[in-house]
Amino acid sequence: MSEMFKARYHTGRRDFLRSAGLGAASLLVGAGAGEVRGRGGRKQMPPGRSAGETAGQAGRRRPNVLIIMTDQHRADLMTCAGRDLVATPNIDRIAERGVRFTNAYCPYPVCVASRMALLTGLYAHSTGAITNRDRLDWRYRTIANHFSEHVYLTALFGKMLFVDAHSHGFEYYMSINDWLMYLGPKVQHYANEIANHPLGPRFFKTVNDGGAGLPDVDGLWDGASPWVGHVERRDFSDMSSNLDAEDHLDMFLAREAAKFIRRYRDQPFFLVTSFMKPHSPFYPPRQWAERYPVDKMELPQVGDISGYPAHIQRRSKHIQSLGPQRLRAHRAGYLGNLAFVDTCVGRVYRELDDAGLLENTIVVYTSDHGEMDGDHGLYQKFCLFEPSVKVPLIVSFPGVIGRNKVAGALTEYFGLYPTLAHLAGLPMPESTTLQEVPGAAARMDASSFADILRRPDIDGPEAVFSEFNLRGRPAQYMVRSRRYKYVFNHGSTHELYDLQADPGESVNRVNEPGLKKECSRLQDRLFAWYNPRQNPYHPA
């Protein structure tokens, strides 16, 4: 790590602690320690909180960290964001106690790429973890490695899409495979749901969807899925799951995370609870599915897509060709999934409260990418429009950052790694790797947004970036300034949207003469971030 970077980090951390009215010692370990054994061997752990200790005294030990993730949650589909299509009272409670970001972006709108960026603080082009079949090199240092090295018990429950058996620094790990074992013969119901993806007819023939955890490890089956020929076909008139609510993956994860909190409440922990929903399969438990009947779903108008690049037009037309029944089924299942997963979020958050840990726990709510939900005729993610690349992001830390605050600053959500290190009083890692990785970045791409947490009304960065389809055609790269979004589509039509005048991105203004200088300026900024012509993953 360069001396300039070290100085910038330590200055920012010192200023943050001073502005929060805290000395560094108040966030660090108190005197005395116990021990706990994990995969990394014996650790010295801070003392537990005594029965009579008050919330104000809890600052003598390191704060816990709880990251609650969902998958494919569209950022504006929260009641705390002002939209009541789906009620999210449990996510709203976290927002009431913290700072909610309205312009948080993922670095790559695909599960693996976004999640591995979150764990490493590195863009997908830096690690090569790009598609849902790419493995993160185990030698990269993750946020879990970092917290583990600083006497935290690290735990992961649920989806992270490692694709293989590496746990990447999480000492306590319950994967989707543990849930499948819990289900036993009821796995048949899940296989049926995998096979009946409303927008993916091919899944009925493959019954193989690693993105939804069947299987959780890539290449587990030597050949075709053993479920082929043993699944039932659905007609998409009813998106109710045949699994009881308690048997769904998300409720299983909520219960197990709650057990972890009860069991390890007396030592600092770094816990990630990562739910599958509202991602496919789009079959919520019946009680939640009935709130969003398929035949009552209204489909958004596609609008004029003629000004978009050819690849967007082709995808929109393909999706629309699936017919309104499948599109309504997707939307109904997605909304029901979101309503249900909010209940699961509440189960974990309530346990933290019951354990008396809310006052000394940094709580994060976020998702890996968004959902188009019919805008421009598109569903799911896989593009750089706002609904796909924006994510919900909420951070709560009572007594250290404000309550019920809203930050409009541009923010890259994978900055959580350095931000959480700031908040927990940890130093930055000296390297992005555990062992030498040829060509690895010398330091993180991600930047801390702790300054926005302490002052949510500041302007923040002038731009954020994202990318998509680095191995395909066209590879796509985005720079989003405070007013404009510019998308460089390698070998295709580029895009420019005035998000101030046209927040729905309905008019591509890239060819307007009056905006030629703006396009040039944004392209220069994008190329200074990452030059698409140097992309080693792009097919020749």
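Relevant structure appears above.
Procedures and definitions
Residue positions are given per chain, counting from 1 as you read along its sequence in written order. The predicted origin of the model limits local features to residues at a pLDDT of at least 70 and limits the giving and counting of side-chain atom pairs to 80 or more, whereas totals for whole chains, interfaces and linings rest on all residues. The side-chain values count all of the structure's non-hydrogen atoms but skip hydrogen atoms and water molecules. Segments assigned H or I by DSSP are reported as helices when at least four residues long, segments assigned E as strands when at least two residues long, and all are numbered from the N terminus. For the exposure calls, accessible area comes from a 1.4 Å probe over protein chains only, and a residue counts as buried if that area is under 20% of its type's maximum, exposed if over 50%, partly exposed in between. The Shrake-Rupley method, run with a 1.4 Å probe, gives the accessible areas here. Residue values count only the displayed protein chains as cover. Axis lines are fitted through C-alpha atoms, for helices just across the contact stretch, and the angle between N-to-C directions can take any value from 0 to 180 degrees. These descriptions rest on fixed angle ranges, namely under 35 degrees for roughly parallel, over 145 for roughly antiparallel, 65 to 115 for roughly perpendicular, and the rest for oblique. Residues count as neighbours in contact if any of their non-hydrogen atoms are within 4.5 Å of one another. Three residue categories are used. Nonpolar comprises Ala, Val, Leu, Ile, Met, Phe, Trp, Tyr, Cys and Pro, charged comprises Asp, Glu, Lys and Arg, and polar comprises the others, including Gly. Here a polar contact is taken to be a pair of N or O atoms separated by no more than 3.5 Å, where protein atoms must pair a possible hydrogen donor with a possible acceptor and residues adjacent in sequence count only if both atoms sit in side chains. Definition used for salt bridges: Asp or Glu carboxyl oxygen within 4 Å of a side-chain nitrogen of Lys or Arg. By definition, two strands form a pair when at least two bridges between them are found by DSSP. In these notes, a set of buried Ala, Val, Leu, Ile, Met, Phe, Trp, Tyr and Cys residues joined through side-chain atoms within 4.5 Å is what counts as a nonpolar core. Centres within 6.5 Å are what make two rings of Phe, Tyr or Trp a pair, Trp counting through its six-membered ring; a difference in plane orientation under 30 degrees is then read as stacked, over 60 as edge-to-face, and the rest as tilted.

We now examine the overall build of the chain. For the chain, the helix and strand inventory stands at 16 helices and 16 strands. Of all 540 residues assigned to the chain, the portion counted as buried reaches 60%. Only carbon and sulfur atoms are counted for the fraction: they give 48% of the accessible area of the chain, which is about 21000 Å².

All right, on to unusual backbone geometry then. For the bond running from Lys 277 to Pro 278, omega is 10°, close enough to zero to count as cis. Put simply, Ser 280 and Pro 281 share a cis peptide bond, and its omega is 5°. Looking at the secondary structure, you find Pro 281 in the loop between β8 (269-278) and α10 (286-289). A positive phi is found at Phe 382, a non-glycine position, where the angle reads about 65°.

What follows covers the packing of helix α9 (residues 249-263) against helix α12 (residues 324-354). Where α9 contacts α12, the two axes come as close as 9 Å, and the packing angle between them is 5°. As judged from the angle between their axes, α9 and α12 are roughly parallel. Listed contacts from α12 to Asp 250, Met 251, Ala 254, Ala 257, Ala 258, Ile 261 and Arg 262 of α9 are Phe 340, Val 341, Thr 343, Cys 344, Arg 347, Val 348, Glu 351 and Leu 352. Along the lines of polarity and charge, the residues of the contact of α9 with α12 split into 10 nonpolar, one polar and four charged.

Another aspect to go through is the side chain of Ser 396. Along the chain, Ser 396 turns up in strand β10 (residues 393-396). A polar contact is formed between the side chain of Ser 396 and the backbone oxygen of Arg 97, at a distance of 3.0 Å. Other than its neighbours up to four places away in sequence, Ser 396 contacts Ile 94, Arg 97, Gly 98, Thr 361, Ile 362, Val 363 and Ile 401.

Turning next to the pattern of salt bridges. Counting across every chain of the model gives 30 salt bridges. The partner of Asp 71 in a salt bridge is Arg 115, and the shortest N-O contact between them spans 3.1 Å. With Asp 71 in strand β3 (residues 64-71) and Arg 115 in helix α3 (residues 111-120), this residue pair connects regions lying 44 residues apart in the sequence. The pair Asp 71 / Arg 115 is uniform in exposure class, with both members buried. Here Arg 471 ties to Asp 134 by a salt bridge, and the two come within 3.3 Å at their closest N and O atoms. Separated by 337 residues along the polypeptide, Arg 471 in the loop between β13 (463-468) and β14 (476-481) and Asp 134 in the loop between α4 (124-127) and α5 (143-149) bring together distant segments of the chain. The exposure class of Arg 471 is partly exposed, given its relative accessible area of 37%. Here the salt bridges share partners, and the residues they tie into one network are Glu 386, Lys 390, Arg 480, Lys 485 and Glu 505.

With eight of its eight residues buried, β3 lies for the most part within the structure. Alternating positions in β3 separate into two faces, Asn 64, Leu 66, Ile 68 and Thr 70 on one and Val 65, Ile 67, Met 69 and Asp 71 on the other, with burial throughout. Sheet topology note: the β3/strand β9 (residues 361-367) ladder contains seven bridges and is parallel. Looking across to β9, one finds that Ile 67 is bridged to Val 364.

Okay, the nonpolar core next. In terms of nonpolar packing, the biggest core is built from 88 residues, with Phe 101, Phe 270, Val 395 and Leu 420 touching the most fellow members. Looking at this core, the element that brings in the most residues is α3, giving seven residues. If sequence neighbours within four positions are ignored, Phe 270 has contacts with Val 65, Ile 67, Ile 143, Phe 147, Tyr 152, Leu 153, Thr 154, Ala 155, Phe 170 and Leu 420.

This part takes up the packing of helix α6 (residues 176-183) against α9. At a minimum axis separation of 10 Å, α6 and α9 run at an interaxial angle of 105°. In terms of orientation, α6 and α9 fall into the roughly perpendicular class. Contacts from Ile 176, Asp 178, Trp 179 and Tyr 182 in α6 reach Leu 249, Phe 252 and Arg 255 in α9.

Strands sit in the order β7-β6-β8-β3-β9-β10-β4-β11 across an open sheet of eight strands; the sheet is mixed. Both edges of this open sheet fall to β7 (172-174) and β11 (405-407), since each of them pairs with a single strand only. Here the strands of the sheet are splayed against their neighbours by 15° on average, with no regard to which way each runs. Bridge analysis of strand β4 (residues 98-101) against β10 gives four bridges, and the strand direction is antiparallel. Across the sheet, the residue bridging to Arg 100 is Ile 394, located in β10. Each of β3, β8, β9 and β10 is contacted by helix α14 (residues 416-424), which is oriented at about 170° to β9, the strand it contacts most.

An α-helical turn contains 3.6 residues, so a residue and the one three or four places further along point in the same direction. Extensive coverage of helix α7 (residues 187-195) is indicated by the burial of seven of its nine residues. Here α7 has its buried residues at Val 187, Tyr 190, Ala 191, Asn 192, Glu 193, Ile 194 and Ala 195.

For the structure on display, the rule yields 27 aromatic pairs. Summarising the aromatic geometry, the rings of Tyr 477 and Tyr 530 are spaced 6.1 Å apart at their centres and angled 45° between planes, so their arrangement reads as tilted. Residue Tyr 477 is found in strand β14, and its partner Tyr 530 is found in the segment after α16 (516-529); the two are separated by 53 residues along the sequence. This pair shows no difference in class: Tyr 477 is buried, exactly as Tyr 530 is.

Another aspect to go through is the sheet that holds β14. Here four strands make up an open sheet; going across it, the order is β13-β14-β15-β16 and the pairing antiparallel. Every other strand in the sheet has two partners, leaving β13 and β16 (495-498) as the edge strands with one partner each. Each strand of the sheet is rotated relative to its neighbour by a mean of 15°, with strand direction disregarded. Here strand β15 (residues 484-489) runs beside β16; their pairing, made up of four bridges, is antiparallel. Residue pairing across strands places Val 487 opposite Glu 495, the latter belonging to β16. Across the face of the sheet, α16 comes into contact with β13, β14, β15 and β16 while running at roughly 65° to β15.

These values are about where atoms sit, not about what they do.
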